[in-house]
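# Architecture and fold: a report
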Amino acid sequence: MLFRSWTETYQRQLAAIDAEADLHLLGRVLTRAEVLRVLQTWLRLQDLWRREPAILRIPVDEPLFVVGPPRTGTTILLELLALDPQLRAPLAYEALHPFAETGSPTRRISLSEPEQEFWADIHPPFMTMHELASDLPCECVHFLMYDFSGPYWGMGYDAPSFTGWHLEHLETLERVYRLHRRMLQTFVHEGPDADPRRWLLKSPFHVSTLPALFTEYPDARVVHTHRDPRRFLASLVSILGAIRFMRSDAVDVAALAGIMQMTYRMFLEGTIDQRISREIPDDRIVDSHFTTLMRDPVASLRATYERLALAWPNGHDRRITDYLAAKPKGKHGEHSYSLADVGLDEASVAADFARYTTHYGIEPED
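Remember, it's a predicted structure, so these values are computed and weren't measured experimentally. (Residues numbered from 1 in each chain as written. Predicted model: local features only at pLDDT ≥ 70, side-chain atom pairs only at ≥ 80, totals over all residues. Heavy atoms only, no water.)

### Side note on the environment of Arg197
Applicable threshold: Only runs of H or I of at least four residues qualify as helices and only runs of E of at least two qualify as strands under DSSP, and these elements are numbered from the N terminus. Any two residues having at least one pair of non-hydrogen atoms within 4.5 Å are treated as being in contact. Polar contact is defined as a pair of N or O atoms within 3.5 Å, subject to the rule that within protein one atom must be able to donate a hydrogen and the other to accept it, and that residues adjacent in sequence are counted only when both atoms are side-chain atoms.
Mapped onto the elements of the fold, Arg197 is located in the loop between helix 9 (172-190) and strand 3 (198-202). Note: C-alpha distance between Arg197 and Gln86 (111 residues apart in sequence) is 6.1 Å. Excluding residues within four positions of it along the chain, Arg197 makes contact with Pro85, Gln86, Leu87 and Arg88. Separated by 3.0 Å, the side chain of Arg197 and the backbone oxygen of Leu87 make a polar contact.

Structure below.
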């Protein structure tokens with residue numbers, strides 16, 4: 001069989017979470033509610049696609065993906081690119097409530113907003129790490145949750161038996177990316193935008209699965225973000241620890257940090273090798289550096305547009321500066337983190353990522 005069945009994946013993922021994630025009471029309640037909503041939406045999606053097969057013929061041409069390790073500027077880059085009227089990013093309320101029959105966009109926003117706010121209700125410092133709002137562009141992980149091989153579940157739960165099984169069955173990624181396309185087609189069909197624009201997508205997950213991404217979307221363009229790993233790794237572990245503490249008291253931050261150090265070294269060096277060997281099309285990938293973007297967002301974005309051969313819209317400089325002025329750094333409080341806080345050694349991180357930083361000429365943040 002080309003790929004493992006959705007049902008087997010679902011059963012293995014839930015069994016592993018139940019047996020291994022050591023959920024506290026709130027974690028079990030949260031997980032149960034999420035799983036029930038996902039299952040209900042999944043069944044409704046199957047029914048919609050069966051009744052309206054034309055949805056799956058809606059074109060998705062030359063999608064633009066922002067990929068890179070978490071905390072390397074992927075979110076702010078997505079939001080700035082989404083200001084471009086040529087581009088269309090999925091919004092958080094669409095990922096949670098993809099059906100027009102649920103109501104108007106305003107109604108769907110009002111339904112999804114409590115779930116966005118719930119994360120900060122459980123763990124108030126979370127808003128200092130990552131802003132969630134129903135009308136903001138969202139990561140692909142939030143509409144790939146409908147496949148239990150998608151990246152959403154691995155963020156929130158320590159379920160090593162499923163991780164091991166998944167690594168032996170990476171053919172499920174074909175199904176995940178097929179779902180990705182179907183969700184974009186569904187957003188067009190169920191959304192208010194009758195003239196679909198070029199899709200703008202983002203997820204750190206994609207940096208580890210670029211061959212599968214380009215298999216599904218051979219005409220895609222990719223912006224690959226980069227940052228000093230001593231900065232992104234500490235921040236990544238901090239936010240993953242917070243997400244997992246919402247569900248379990250048994251979170252070993254030091255162990256998680258060690259796994260993330262090893263994992264992202266493997267992902268990033270793998271991408272270097274894939275680009276050099278042309279396993280993925282290097283000429284369709286543009287690099288963006290966090291420090292350059294933060295130093296001069298307009299100039300950095302203009303350079304990215306030139307490399308993408310994307311027209312710079314009229315008035316776009318002003319859109320960017322106005323957006324950033326309304327969203328200053330630390331708007332929701334300061335997110336403080338360090339390698340020492342998560343049990344990592346600076347020299348070890350620098351040595352592990354030396355090939356990555358040298359290859360891309362990454363500026364150190366001291």
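### Side note on the environment of Val342
We count it as follows: Exposure classes here rest on a 1.4 Å probe applied to the protein chains alone. A residue is buried below 20% of its type maximum, exposed above 50%, and partly exposed in between.
Among the secondary structure elements, Val342 is positioned in the loop between helix 15 (316-326) and helix 16 (346-352). Relative accessible area serves as the criterion here: at 6%, Val342 is assigned to the buried category. Val342 sits 106 residues away from Leu236 along the chain, and the two C-alpha atoms are 9.9 Å apart. Contacts of Val342, omitting those with residues within four sequence positions, involve Ala234, Val237, Ser238, Val253, Ala254 and Ala257.

### Some points on the pattern of salt bridges
We count it as follows: Salt bridge, as used here, is a side-chain nitrogen of Lys or Arg placed within 4 Å of a carboxyl oxygen of Asp or Glu.
The final tally for this structure, using the stated rule, is 25 salt bridges. Notably, a salt bridge pairs Arg88 with Glu94, separated by 2.9 Å at the nearest N-O pair. Overall, Glu94 belongs to the buried group, its relative accessible area being 2%. Arg265 is paired through a salt bridge with Asp352; the nearest N and O atoms lie 3.3 Å apart. Pair noted here: Arg265 is in helix 12 (residues 253-277) and Asp352 is in helix 16, with a separation of 87 residues, a long-range link.

### Looking at the sheet that holds strand 5 (residues 285-289)
Where we set the bar: Two strands are said to pair when DSSP picks up at least two bridges between them. A fitted line through C-alpha atoms represents every axis, and for helices the fit uses only the stretch in contact; the resulting angles, taken between N-to-C directions, go from 0 to 180 degrees.
Strand order in the open sheet formed by five strands is 2-3-1-4-5, with parallel pairing between adjacent strands. Edge positions in the open sheet fall to strand 2 (87-88) and strand 5, since each of these has one partner strand only. Strand direction decides the pairing type here: strand 1 (residues 64-67) and strand 4 (residues 221-226), joined by four bridges, are parallel. Residue pairing in the sheet places Val66 in a bridge with Val223 of strand 4. Those strands touched by helix 3 (residues 74-81) are strand 1, strand 2, strand 3, strand 4 and strand 5, and its axis lies near 165° from that of strand 3.

### With respect to the packing of helix 3 against helix 14 (residues 297-308)
Applied cut-off: Under this scheme an angle from 65 to 115 degrees is roughly perpendicular, one under 35 degrees roughly parallel, and one over 145 degrees roughly antiparallel; angles in between are oblique.
As a packed pair, helix 3 and helix 14 sit with axes 12 Å apart at the nearest point and diverge in direction by 75°. Looking at the two axes, helix 3 sits roughly perpendicular to helix 14. Listed contacts from helix 14 to Leu77, Leu80 and Leu81 of helix 3 are Pro297, Leu301 and Tyr305.

### Concerning unusual backbone geometry
With phi around 70°, Arg278 is a residue other than glycine that occupies positive phi space. Examined against the element boundaries, Arg278 turns out to sit in the loop between helix 12 and strand 5. The exposure class assigned to Arg278 is exposed, which follows from its relative accessible area of 56%. The phi torsion at Ala309 lies on the positive side, around 55°, for a residue other than glycine. Note on placement: Ala309 falls in the loop between helix 14 and helix 15.

### Some remarks on the side chain of Arg88
As for its placement among the helices and strands, Arg88 is situated in strand 2. Apart from the residues within four sequence positions on either side, Arg88 is in contact with Glu94, Phe187, Asp193, Arg197, Arg198, Trp199 and Leu200.

### Regarding the pairing of strand 1
Alternating positions in strand 1 separate into two faces, Leu64 and Val66 on one and Phe65 and Val67 on the other, with burial throughout. As paired strands, strand 1 and strand 3 are joined by three bridges and run parallel to one another. Each residue of the ladder has a partner; that of Val66, found in strand 3, is Lys202.

### Some details on a nonpolar patch on the surface
Rules: A residue counts toward a patch only above 30% relative accessible area and without a salt bridge, and it is joined to like-charged neighbours within 9 Å or, for Val, Leu, Ile, Met, Phe, Trp and Tyr, to nonpolar neighbours within 5 Å. All accessible areas in this document rest on Shrake-Rupley with a 1.4 Å probe, and a residue is counted as covered only by the protein chains that are shown.
A cluster of nonpolar side chains, contributed by Leu25, Leu26 and Val29, occupies part of the molecular surface with about 300 Å² of accessible area. Mapped onto the elements, Leu25 comes out in helix 2 (residues 25-51). Taking relative accessible area as the criterion, Leu25 reaches 69% and is therefore assigned exposed.

### Digging into the nonpolar core
Condition: Remark: nonpolar core denotes a set of buried residues (Ala, Val, Leu, Ile, Met, Phe, Trp, Tyr, Cys) joined through side-chain atoms within 4.5 Å.
Phe143 and Trp153 are the most contacted members of the largest nonpolar core, which has 77 residues in total. Discounting residues that sit within four places of it in the chain, Trp153 has contacts with Gln13, Ile17, Glu34, Val35, Val38, Met145, Asp147 and Phe148. Grouped together as the second largest cluster of nonpolar side chains are 20 residues, Leu87, Val286, Trp312 and Ile320 included.

### Section: the pairing of strand 5
Most of strand 5 is tucked away, with four of its five residues classed as buried. As defined by bridge partners, strand 4 adjoins strand 5 across five bridges and the pair is classed as parallel. Each residue of the ladder has a partner; that of Val223, found in strand 5, is Val286.

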